[in-house]
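Examination of the molecular architecture
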Amino acid sequence: MENSEMKSFGYVWILAIASFCHCYFISASIPKGLFRLLSLLPIIFLFTTLPLHLSAFHLCGLTAFLLVWLANFKLLLFSFGRGPLSPPQPLLHFICTASLPIKISQNPYPNSYKITSPYSKTGQKVAFLIKALALAALLKVYKYRQFLHPNVILALYCCHVYLAAELILALAAAPARAIGLELEPQFLGRRWNLMVSSILRPTIYFPIRGFTASRLGPRCSHLLAMLAAFTVSGLMHEVIYYYLTRVTPTWEVTWFFVLQGVCTAAEVAAKKAAAGRWQLPPAVTRPLTVVFVAVTGFWLFFPQLLRSHVDVKTIGEYSILLDFVKEKTLLPLSLYLQ
């Protein structure tokens, strides 16, 4: 990364942390409801603009996800006395909860029971290392892209998105663990889905289901709320795409998630209608799900990024990052050894 980009990244997060302090000391003292919401609107607007100060794919994408999506939605819940920011907590806990992809455990084990199963600690470290090595191998394969079929490249991009998202979100949660916070387990492979669903349920799904249940009945309200959650997820992905590409939205990625929502709602309705009388085995449904997501992803999820050459930019950033790390670590070490 260029020094100017890292300085911008630091500037953005200094502003974000100062804003969280404002929320903690000022907005929290205002009674929940409309007036607290009005006090938070400038912060929400600020968070919406901060990613525009960044151009690097990884720094901009991570900041947009953490501030524009997760933090803003948490602040909306906070304005009405709901969500993870509402219970009284120390300032540092408040900042970590608001800004990081974590969920603090509400019932941490006492000290005598903090020893967890080997899989939850050692196993997750091994899984993280394996995913890091797999991502490194992908970067090597990209050097031979000109010899690969376009569909093979898209399949590699699917793996890249999954691996990068898992690793980056795991690293983003590291500061909370470093200060001793007890976090609810988020196993690698489910981290992105857990964070997105945990913020969409209280902000979109539950309110819509509660509002429509008496009018449409529990089954229809459940399907409508599910479809609304997928739609909002699509819109937020569209927003993140804008930060990454800086071009007019095409709404392709929004339609990708709307399509996933429609098909998921249809699947749920079909299973309830069948009532266990007829059901395909997992050996059939899981491959079909993977194929469906892959085909629709090739059709709607990736084209907007490919047209803007975000893929080429992303791959190039790894070389820049490696050079930056070498400059900041190996050069001072060589000077010290002289």
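1. Examining helix α3 (residues 57–79)
An ideal rise of 1.5 Å per residue puts 33 Å on 23 residues; α3 measures up with 31 Å between its terminal C-alpha atoms. Its axis deflected by about 30 degrees at A71, α3 carries its strongest bend there. Counting buried positions along α3 gives 21 out of 23 residues, so the element sits mostly inside the fold.

2. Brief notes about helix α2 (residues 34–49)
For α2, which comprises 16 residues, the first-to-last C-alpha distance of 23 Å matches the rise-based estimate of 22 Å (1.5 Å per residue) to within 8%. Of all bends in α2, the biggest is about 35 degrees, found at L40, and the proline P42 comes one to four residues later. Along α2, the residues classified as buried are R36, L37, S39, L40, I43, I44 and F47.

3. Observations regarding the nonpolar core
Counting residues in each nonpolar core, the largest one holds 44 residues, and the members touching the most others are F20, F47, F65, L67, W69, L75 and L200. Elements supplying a minimum of two residues to this core: α1 (3–25), α2, α3, α4 (91–99), α8 (191–216) and α9 (218–245). What L75 contacts, discounting residues up to four positions off in sequence, is C23, L40, I43, I44, F47 and L85. Core analysis: the second largest hydrophobic core is formed by 21 residues, L154, L156, Y157 and V310 among them.

4. Examining the packing of helix α10 (residues 252–274) against helix α11 (residues 282–301)
At a minimum axis distance of 9 Å, the contact between α10 and α11 shows a crossing angle of 155 degrees. The angle between α10 and α11 falls in the class roughly antiparallel. Of the two elements, α10 crosses α11, and the hand of that crossing is right-handed. Seen from α10, the contacting residues are E252, V253, W255, F256, F257, L259, Q260 and C263; seen from α11, they are F292, V293, T296, G297, W299, L300 and F301. Of the residues assigned to the contact of α10 with α11, the class counts are 11 nonpolar, 3 polar and 1 charged.

5. Some thoughts on the pattern of salt bridges
The tally for this structure, following the rule as stated, stands at 3 salt bridges. Ionic pairing is found between E252 and R307, a salt bridge with its closest N-O pair at 2.4 Å. Taken together, the residues E252 in helix α10 and R307 in helix α12 (residues 303–307) connect sequence positions 55 residues apart. By relative accessible area, E252 is classed as buried at 16%. R307 gets classed as partly exposed once you look at its relative accessible area, which sits at 47%. Put simply, K271 and E267 hold a salt bridge, and the shortest N to O gap is 3.2 Å. With a gap of 4 residues between them, K271 and E267 both fall in helix α10, about one helical turn apart. Note on K271: relative accessible area 48%, which makes it partly exposed.

6. Quick notes on a nonpolar patch on the surface
A cluster of nonpolar side chains, L34, F35, L38 and L41, forms an exposed patch at the surface whose accessible area comes to about 430 Å². One can find F35 in helix α2. By relative accessible area, F35 is classed as exposed at 62%.

7. What about the packing of α3 against α9?
Interaxial distance between α3 and α9 falls to 9 Å at its minimum, and their mutual angle equals 145 degrees. The handedness of the crossing between α3 and α9 is right-handed. Between α3 and α9, the residues in contact are F57, C60, G61, A64, F65, V68, W69 and F73 and V232, S233, M236, H237, V239, I240, Y243 and L244, respectively. Of the residues belonging to the contact of α3 with α9, the class tally is 13 nonpolar, 3 polar and no charged.

8. Things to note about unusual backbone geometry
Backbone geometry places R246, a non-glycine residue, at a positive phi of 60 degrees. Relative accessible area serves as the criterion here: at 35%, R246 is assigned to the partly exposed category. Of note, H309 is a non-glycine position whose phi angle comes to about 60 degrees, a positive value. You can see H309 is positioned in the loop between α12 and α13 (310–337).

9. Thoughts on the environment of L41
Here L41 shows up in helix α2. Here the alpha-carbon distance between L41 and N72, two residues 31 residues apart in the chain, equals 9.3 Å.

Procedures and definitions
- Residues numbered from 1 in each chain as written.
- Predicted model: local features only at pLDDT ≥ 70, side-chain atom pairs only at ≥ 80, totals over all residues.
- Heavy atoms only, no water.
- Helix = DSSP H or I, 4+ residues; strand = E, 2+ residues; numbered from the N terminus.
- Expected span 1.5 Å × (residues − 1).
- Bend = angle between axes of the 7 residues up to and from the residue.
- Buried < 20%, exposed > 50% of the residue type's maximum accessible area, 1.4 Å probe, protein only.
- Core = buried A, V, L, I, M, F, W, Y, C linked by side-chain atoms within 4.5 Å.
- Contact = heavy atoms within 4.5 Å.
- Axes fitted to C-alpha atoms, helices over the stretch in contact; angles between N-to-C directions.
- Parallel < 35°, antiparallel > 145°, perpendicular 65-115°, else oblique.
- Left-handed = near helix turned anticlockwise from the far one by under 90°.
- Nonpolar A, V, L, I, M, F, W, Y, C, P; charged D, E, K, R; others polar.
- Salt bridge = Lys/Arg side-chain N within 4 Å of Asp/Glu carboxyl O.
- Patch = residues over 30% accessible without salt bridge, like charges linked within 9 Å, V, L, I, M, F, W, Y side chains within 5 Å.
- Areas by Shrake-Rupley, 256 points an atom, 1.4 Å probe, with all protein chains shown as cover.

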